[in-house]
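# Structural overview for review
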Amino acid sequence: MRNAPKVVILCGGKGTRAYPLTMDVPKPLLPVGNRPILHHVMAIYANQGFTDFLLAGGYKVECLRTFAEGVERDHPDWRVDVRDTGEDTNTGGRVFACRDALEGTFMVTYGDGLGDVDVNALLQAHRDHPGAATLTTVPLRSQYGVLDISPDGAVKRFIEKPVIEDYWINAGFFVFDDRVFDTWAGEDLERDVLPELAAREELFVYRHQGFWKSMDTQKEMAEMAAMIREEHVPWQR
């Protein structure tokens, strides 16, 4: 896609919840199937025409550089740059550290979240509102099964991990205009930057009703790998 926005992928955290798997590599390089989850994330964008990537690294950044070299060999039409944004830098600080490489509209996402997001529709939604930022949101899915109970206390049915439609959560897949850097507030994207943008009425949402899943733990890594073994890859459009 000509003039497609650059995609910043946050890859620098230590992945402590996935320890000890992250002793030797950053979490985005942990495998899902036969390739790192980061490659799956990049493919979501590349399959929709977005192939200019900036990996905001930190922890084990040399592993990311090796990965990027291999990706560019395998995908000559992809551009993959790696920036060391500091081992202990928080998510907002990582984006801010890349600001000199980001002009106009750009995208940001996490290196461990997969979804069948329509990136072009997300970008159009961003262009259709007056704000400087768009956040993809998905309805909250309970991590537990719940009971449907009748007024007399009888259990009518079990509902396995239902979607809670009234509550929406941050799924990443952001779009920003570079003017956000004029008033960028704080080091933490979720706790500092986004709330400040919301307070200034600069943050809007794109509602995604399809598949989305993050990989924070070994259990979630195993669940994603099982989807691939079953030839069920719901994050592919």
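Now for a quick tour of the structure.

Procedures and definitions
Residues numbered from 1 in each chain as written. Predicted model: local features only at pLDDT ≥ 70, side-chain atom pairs only at ≥ 80, totals over all residues. Heavy atoms only, no water. Core = buried A, V, L, I, M, F, W, Y, C linked by side-chain atoms within 4.5 Å. Buried < 20%, exposed > 50% of the residue type's maximum accessible area, 1.4 Å probe, protein only. Helix = DSSP H or I, 4+ residues; strand = E, 2+ residues; numbered from the N terminus. Contact = heavy atoms within 4.5 Å. Salt bridge = Lys/Arg side-chain N within 4 Å of Asp/Glu carboxyl O. Arc of directions from axis to C-beta. Polar contact = N/O pair within 3.5 Å; in protein donor to acceptor, adjacent residues only side chain to side chain. Pairing = 2+ DSSP bridges. Phe/Tyr/Trp six-rings, centres within 6.5 Å; stacked < 30°, edge-to-face > 60°. Lys NZ or Arg CZ within 6 Å of the ring centre and 35° of its normal.

Here we take up the nonpolar core. Core analysis: the largest hydrophobic core is formed by 38 residues, its most contacted members being I9, L38, M42, Y45 and F53. Elements supplying a minimum of two residues to this core: β1 (7–10), α1 (37–46), β4 (52–57), α2 (61–74), α4 (119–128) and α6 (218–229). Top contributing element to this core by residue count: α1, with seven residues. What F53 contacts, discounting residues up to four positions off in sequence, is V7, I9, M42, Y45, A46, W78, R79, V80 and D81. Ranked by size, the runner-up nonpolar core spans 22 residues in total, among them L54, F106, Y110 and L189.

Moving on, we come to the pattern of salt bridges. A side chain with one charge can pair with a side chain of the opposite charge if their charged atoms come near. Taken as a whole and judged by the stated rule, the model has 11 salt bridges. Between D52 and K6 there is a salt bridge, and its shortest N-O distance comes to 3.2 Å. Of this pair, D52 sits in strand β4 while K6 sits in the segment before β1, and the two are 46 residues apart along the sequence. Overall, K6 belongs to the buried group, its relative accessible area being 14%. We note a salt bridge from D100 to R83, for which the minimum N-O separation is 2.5 Å. With D100 in the loop between α3 (91–97) and β6 (105–110) and R83 in strand β5 (residues 79–84), the pair connects residues that are 17 residues apart, well separated along the chain.

Note that an α-helix has 3.6 residues per turn; residues three or four places apart therefore point the same way. Residues of helix α5 (residues 189–199) that are buried: L189, V193, L194 and L197. Axial view of α5: buried residues confined to an arc of 85°, hence all on one face. Across from the buried face of α5, at angles greater than 90 degrees, the exposed residues are R191 and A199. N-capping of α5 is provided by D188, with a side-chain oxygen placed 2.9 Å from the backbone N of E190. One or two positions beyond α5, positive phi appears at E201, with a value near 60°.

Judged by which residues are buried, strand β12 (residues 174–177) turns out to be covered on both faces: F174 and F176 on one side and V175 and D177 on the other are all buried. Inspection of the sheet shows β6 paired to β12 by four bridges, in the antiparallel sense. The residue of β12 that forms the bridge with F106 is F176.

This next bit is on the packing of aromatic side chains. All told, the structure shown has 12 aromatic pairs when counted by the stated rule. An aromatic cluster of three or more residues is present, and its members are F96, F106, Y110, F174, F176, F181 and W184. Here the guanidinium or amino end of R207 rests over the ring plane of W168, the centre of that ring lying 4.6 Å away.

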